[in-house]
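Spelled out, the chains give:
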Amino acid sequence: MDRKNIERPKTFDKRAYNDKYQKEHYISIAARVKPDVAERINNYCTDKCISKADFLKLAIDIIEDKR
């Protein structure tokens, strides 16, 4: 019997699952900022050990005075 033509059950495609999950649960935001502003953001995130997404959450909380 030819092994190439054997019908096998479909396996779980982790990459496709992750791609679908990302599209359903997240939105990408991009911004162009001057190098000095980018450096300040990067330094803050590094110093506080937070992601840029967490930085944005913190910033919007402060702006909305919910902190």
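Our structure is the block above this text.
K.L.:
Explain the packing of aromatic side chains to me, and be specific about the residues and the numbers.
P.N.:
Each aromatic ring pair is specified by the distance between its two centres and by the angle formed by the two planes. Tallying each qualifying case throughout the model produces four aromatic pairs. Geometrically, the ring pair formed by Tyr44 and Phe55 is edge-to-face, given 5.7 Å between the ring centres and 65 degrees between the ring planes. Remark: Phe55 occurs in helix H3 (residues 52–63) and Tyr44 occurs in helix H2 (residues 35–48); sequence separation between them is 11 residues. Put simply, the rings of Phe12, Tyr17, Tyr21 and Tyr26 pair up and form one aromatic cluster.

K.L.:
Quick rundown of the pattern of salt bridges? Include the residues and the values.
P.N.:
On inspection of all chains with the given rule, the structure shows two salt bridges. A salt bridge links Glu24 to Lys20, with the shortest nitrogen-to-oxygen separation between them at 3.9 Å. One end of the pair is Glu24 and the other is Lys20, both in helix H1 (residues 14–25) and four residues apart, which spans about a single turn. Each member of the pair, Glu24 as well as Lys20, carries the same accessibility label: exposed. Residues Asp54 and Lys57 are paired through a salt bridge, measuring 3.0 Å at the closest nitrogen-oxygen approach. Taken as a pair, Asp54 and Lys57 lie in helix H3 at a separation of three residues, close to a single helical turn.

So, how was this worked out
Residues numbered from 1 in each chain as written. Predicted model: local features only at pLDDT ≥ 70, side-chain atom pairs only at ≥ 80, totals over all residues. Heavy atoms only, no water. Phe/Tyr/Trp six-rings, centres within 6.5 Å; stacked < 30°, edge-to-face > 60°. Helix = DSSP H or I, 4+ residues; strand = E, 2+ residues; numbered from the N terminus. Salt bridge = Lys/Arg side-chain N within 4 Å of Asp/Glu carboxyl O. Buried < 20%, exposed > 50% of the residue type's maximum accessible area, 1.4 Å probe, protein only.

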